Every structure is written in structure tokens, then in C-alpha cells.
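Read off the chains here:
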Amino acid sequence: MAGEWILTLTAQTPTNIAVIKYWGKRDESLILPVNDSISVTLDPGHLCTTTTVAVSPAFEQDRMWLNGKEISLSGDRFQSCLREIRARATDVENKEKGIKISKKDWEKLHLHISSFNNFPTAAGLASSAAGLACLVFALGKLMNVREDHSQLSAIARQGSGSACRSLYGGFVKWIMGKEENGSDSLAVQLADEKHWDELVIIIAVVSSRQKETSSTSGMRESVETSLLLQHRAKEVVPKRILKMEEAIQNRDFASFAALACADSNQFHAVCLDTSPPIFYMNDTSHRIINCVEKWNRSEEAPQVAYTFDAGPNAVLIARNRKAASLLIQRLLYYFPPNPETDMNSYVLGDKSILKDAGIQGIDDVEALPPPPEIKDKIPAQKNRGEVSYFICTRPGRGPVVLSDESQALIDPKTGLPK
Ligand code: DP6
């Protein structure tokens, strides 16, 4: 590599959780959905993808590494993203390093990409959304692409539908669009993360042995076989989107929670209506729903919303910190860790919620009283070991460039992952 320059750029991009779900495509290759969707971006401090992209005349082909392991870039989705972003590249000059790349050079130059998730990729926590969004965002910055985040979101969409919503922080809508070429199917920000910063999000990563159907093939089967999906896309979602936008604008938690829970349940009903039926939630997921529903009903107003994607993990959104600390008490009461589990590895992310709840160690968990809403009824069953761990987080910001070179994942001398 002697004498050849290497230019790198590192970015960090969040994951997102849909509160009005995307399920079903009207165009498989362009990834155009059958309905709008709305998501909340999660704090990248707890869940994010970091990606370094590097370019050099010395690179012989495009290569990518995920969590240190080389993966193939030959898939159509990666290729669409690379092609679309290259087509929009403009002149780049780095005076400090004496590097000049003109618009037309980008067609010939190859890229090295290294990506890392700060959470287990296999846990089913929307890693592809953050990953594809980060790839597109980082390449856009490296190649001096002038398009705004919405235009970039339409490129990320072609990598994975839900990825388009990770180009913004806070509350995001993916507008399905009408055009056949997909040019108007993109994400817009409804409100930033500061707009409703009382919300606390607790994710229960549910232990699962089952190999799940991927979102891509699951939604294809639903489009082909579920009549409920047609009804949902035409009649239900358009009205819900309007109501959800209003709930977010007014910080109306009661309405937000009712809509999010109903939409998650309808998405899973569509899965059940698919032939053959798809089961993403398991008994633990159902137990978590029961716990939340019972508690919400015992209060004057809902305290927590739940939503589940294409897997058994629960994403629970509490109205404020107080509700979150009461929620973690309930969750730990019903789902205590296995003996000898260190609480530090059982509740991850923002541990101050645990402190608010007065829980320091496993002894405090064992001493938790049953939640008042089940008093005088049959003693609640404990479901030890059904949850692998919890992550406490909050709504978070959109993608950022990390200018500190020590955070780069590619060695600027070798062009290979560090
Ligand atoms: C249940 O975005 O993973 O999470 O577009 O085929 O890559 P592809 O699917 P993907 O589907 C996400 C589905 C969901 C709901 C949502 O995020 O809106």
C-alpha cells in the first residue's frame, strides 16, 4: 500500500422501533411498503451501529466486515445502496492529507466498510435497520453527497425498509409514497428526541430457541395470503397514522399507548392470518402483555405501551421515569434472573432506573412484593430465566459523524479492520 492514500469516515446510527408497523411490500426490489409507518428512534448510547467507510486507490474490490467478520456485499440490497450513493457522489478534497477525488473517480474507487453493533446482533433488535442506515449515511458523508436526510432515507430503504426510519432521531414517519420508482417513499421527522423526553423505554430480550422467519419472507407470505393485511393497509393504518401523529404532537400518552399496543397486536394477528401462520411472540411475550395490560387497567391512565417486532422481544415504553421504575419492579418480580446472575449484566443501559426502583442486587429482586394489581388473587407465577436481560433506554438522536479518529474501525494505514 506504499504511497497510496486512504481516506476514512466514521459514523454512528441508531436503531428504531415501530409503533405503527411496516408489514408488507407493494414492490419487492425497490422495497416499497403497503402502508405508512411511524417509529421511535432509540438512544444510540445503548443501541447503535458504528460504521467506518474507507476509500483508497489501493483497494482492489468493495469489502465489508460486520463485527470483525468479513461478509459478502454481493446481495442485491447492498448493491442497490452502493450504486445509488455512488451515483450521487460529488468532488471531495482533503487539503490536510493532500487528497482530491473528483465526481467521476468514485465510479472506479473501491471501498472498505467495517461495521460494529454495540448490542448482540442475534438478539433480534433491528440491527439491520441501524446497519443499513449507517452504511448509507457514512458513505453519503464520505462521498460528499449533497442530498438531505430524507433523500438518503430513500436509499437506505432499498437496503432494508425499516432502515429508512433510522436517518432521524426522535419520532419518524416513513411515508409510503405513490410513485412507481419509489422516489417519494422516504422518511421524515415528526418531532425530535427532545420533544417528548419523559419517555423511558425498557426492552426485554426474551430467551428463544426458535428459529424465526425473517421479516422479509414473513411479510411476503402475509402479502400473498392474508386478507387481514389488505384490510389493515387500506382501512386501519391510514387512520391510525393520523391519530398517532396527533398523539405525538400533543404528548398524549394515553392515546399513544392505545395506538401502539393495538397496532402491535394487529401486526401479530396478520402473522397469524398468514398461511402457514407465523408465530413471532412466544409464551413469555404473552405474559409480558398480560402484566402490562393488568397494570394499565388498574390505573386511571395507561402507564406503559408495549410493542413487538418479528420476534419475541418486548419493547415497553413507559410514560415517565416513575412509571419506568414501577415497571422494572414488576418485570423483575415476574421474570427474576437465574441464581448467580449478576444484576449488572441482567439490566443493561440506563441503570439509574434500577436505582430509582430501589434495586441494587439480587436480594432486592427476591424481596419484591407482588404488584398490588394481583393482590387477593392467586399468587403470581414466577418465570425465572425466561428473559435473557433487560435494556433501559430512551428516545434518542439521529446519525452523527464521529470525528475522533480513535473511534474509527478501520486502520488508516492498512485499510483493514483494527
Ligand atoms: C416487524 O425492515 O426488517 O420490524 O424491508 O424486508 O428488510 P425488509 O424488512 P424489515 O421489516 C421490519 C418489520 C418490523 C416492523 C417495522 O419495523 O416497521
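- An unreviewed UniProt entry annotates the chain as Diphosphomevalonate decarboxylase originating from Eucalyptus grandis.
- Reading the Subcellular location (unreviewed entry) entry of the UniProt record for the chain gives the comment "Peroxisome".
- Within the UniProt record for the chain, the comment given under Function (unreviewed entry) is "Performs the first committed step in the biosynthesis of isoprene-containing compounds such as sterols and terpenoids."

## Description of the overall build of the chain
Then comes step 1: The number of helices and strands found in the chain is eleven helices and 19 strands.
Then comes step 2: Each principal axis of the C-alpha atoms in the chain carries an extent, and together these give about 75 × 50 × 40 Å.
Then comes step 3: Out of the 418 residues in the chain, the part that is buried amounts to 55%.
Then comes step 4: Of the contacts made within the chain by residues no fewer than 6 positions apart, 76% connect residues no fewer than 24 positions apart.
Then comes step 5: Only carbon and sulfur atoms are counted for the fraction: they give 50% of the accessible area of the chain, which is about 18400 Å².
Then comes step 6: Charged side chains of the chain number 48 positive and 51 negative; the gap between the two group centres comes to 1 Å.

## Quick word on the pattern of salt bridges
Two side chains with opposite charge may pair up if their charged atoms get near one another.
Then comes step 1: For the structure on display, the rule yields 20 salt bridges.
Then comes step 2: Here Lys21 ties to Asp309 by a salt bridge, and the two come within 2.7 Å at their closest N and O atoms. With Lys21 in the loop between β2 (16–20) and β3 (25–27) and Asp309 in the loop between β15 (304–307) and β16 (314–318), the pair connects residues that are 288 residues apart, well separated along the chain.
Then comes step 3: With relative accessibility at 28%, the residue Asp309 sits in the partly exposed group.
Then comes step 4: Measuring nitrogen to oxygen at the nearest pair gives 3.1 Å for the salt bridge that ties Glu84 to Arg88.
Then comes step 5: Given the relative accessible area of 28%, Arg88 is considered partly exposed.

## Re helix α3 (residues 149–156)
Then comes step 1: Counted residue by residue, α3 has six buried out of eight residues, so it is predominantly covered.
Then comes step 2: For α3, the capping residue at the N-terminal end is Asp148, with a side-chain oxygen 3.2 Å from the backbone nitrogen of Ser150.

## Focus on unusual backbone geometry
Then comes step 1: Pro276 follows Ser275 through a cis peptide bond whose omega is -5°.
Then comes step 2: Assignment of secondary structure puts Pro276 in the loop between α6 (253–272) and α7 (283–298).
Then comes step 3: One non-glycine residue, Asn144, lies in the positive phi region at around 55°.
Then comes step 4: Within the secondary structure, Asn144 sits in the loop between α2 (127–142) and α3.
Then comes step 5: For Arg251, which is not glycine, the phi dihedral falls at a positive 50°.

Criteria and cut-off values
- Residues numbered from 1 in each chain as written.
- Predicted model: local features only at pLDDT ≥ 70, side-chain atom pairs only at ≥ 80, totals over all residues.
- Heavy atoms only, no water.
- UniProt positions renumbered as here; feature names shortened; annotations may be inferred.
- Helix = DSSP H or I, 4+ residues; strand = E, 2+ residues; numbered from the N terminus.
- Buried < 20%, exposed > 50% of the residue type's maximum accessible area, 1.4 Å probe, protein only.
- Contact = heavy atoms within 4.5 Å.
- Areas by Shrake-Rupley, 256 points an atom, 1.4 Å probe, with all protein chains shown as cover.
- Lys, Arg positive; Asp, Glu negative; His and termini not counted.
- Charge placed at Lys NZ, Arg CZ, Asp CG, Glu CD.
- Salt bridge = Lys/Arg side-chain N within 4 Å of Asp/Glu carboxyl O.
- Polar contact = N/O pair within 3.5 Å; in protein donor to acceptor, adjacent residues only side chain to side chain.

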